[in-house]
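Structure at a glance
What follows is each chain in one-letter form.
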Amino acid sequence: DTKSAVSQLQSALAIQKTSLGEEHPDTLSTREDLAMLAAHGGDFHAAAGQLDLARRGIKKHIGRTLTGLSEQEQLTYMRVYDEKSFQDALSLGYA
């Protein structure tokens, strides 16, 4: 059920934040999963908050790990990597 899934994801997120860091792609993916569950449950404010944290985190991660790329190349990478999250965030505005 959704409540159990949220609880398990919150536990996973806590572990990931400690062991991998706030801006690790796996941590950010878990945030996105929590956002989708929150939206599914009608909590669009929480969903938007989690998606915003994930978006900001991936931007920082890319800035550190893809420093050899130009800013335009980094933005292109973000657009490709983050397009689903961006579309999910936009869809929250229509709910």
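Here, the structure is the one placed above.
Residues numbered from 1 in each chain as written. Predicted model: local features only at pLDDT ≥ 70, side-chain atom pairs only at ≥ 80, totals over all residues. Heavy atoms only, no water.

A look at the packing of helix α2 (residues 25-40) against helix α3 (residues 44-65)
- Here α2 crosses α3 at 160°, and the two axes come no closer than 8 Å. The orientation of α2 relative to α3 falls into the category roughly antiparallel. The interaxial crossing formed by α2 with α3 has left-handed handedness. Contacts between α2 and α3 pair Pro25, Leu28, Arg31, Glu32, Leu34, Ala35, Met36, Ala38 and Ala39 from the former with Phe44, Ala46, Ala47, Gln50, Leu51, Leu53, Ala54, Gly57, Ile58 and His61 from the latter.
- Considering only residue class, the contact of α2 with α3 consists of 14 nonpolar, 3 polar and 2 charged. (Axes fitted to C-alpha atoms, helices over the stretch in contact; angles between N-to-C directions. Helix = DSSP H or I, 4+ residues; strand = E, 2+ residues; numbered from the N terminus. Parallel < 35°, antiparallel > 145°, perpendicular 65-115°, else oblique. Left-handed = near helix turned anticlockwise from the far one by under 90°. Contact = heavy atoms within 4.5 Å. Nonpolar A, V, L, I, M, F, W, Y, C, P; charged D, E, K, R; others polar.)

A word on the packing of helix α1 (residues 2-19) against α2
- Two numbers describe how α1 lies on α2: the axes approach to 9 Å, and their chain directions differ by 155°. Overall, the two elements α1 and α2 adopt an arrangement that is roughly antiparallel. With respect to the hand of their crossing, α1 and α2 are arranged in left-handed fashion. Across the interface between the two elements, Thr2, Ala5, Val6, Leu9, Gln10, Leu13, Gln16 and Lys17 of α1 pack against Asp26, Thr27, Thr30, Arg31, Asp33, Leu34, Leu37 and His40 of α2.
- Counted by class, the contact of α1 with α2 contains 6 nonpolar, 6 polar and 4 charged residues.

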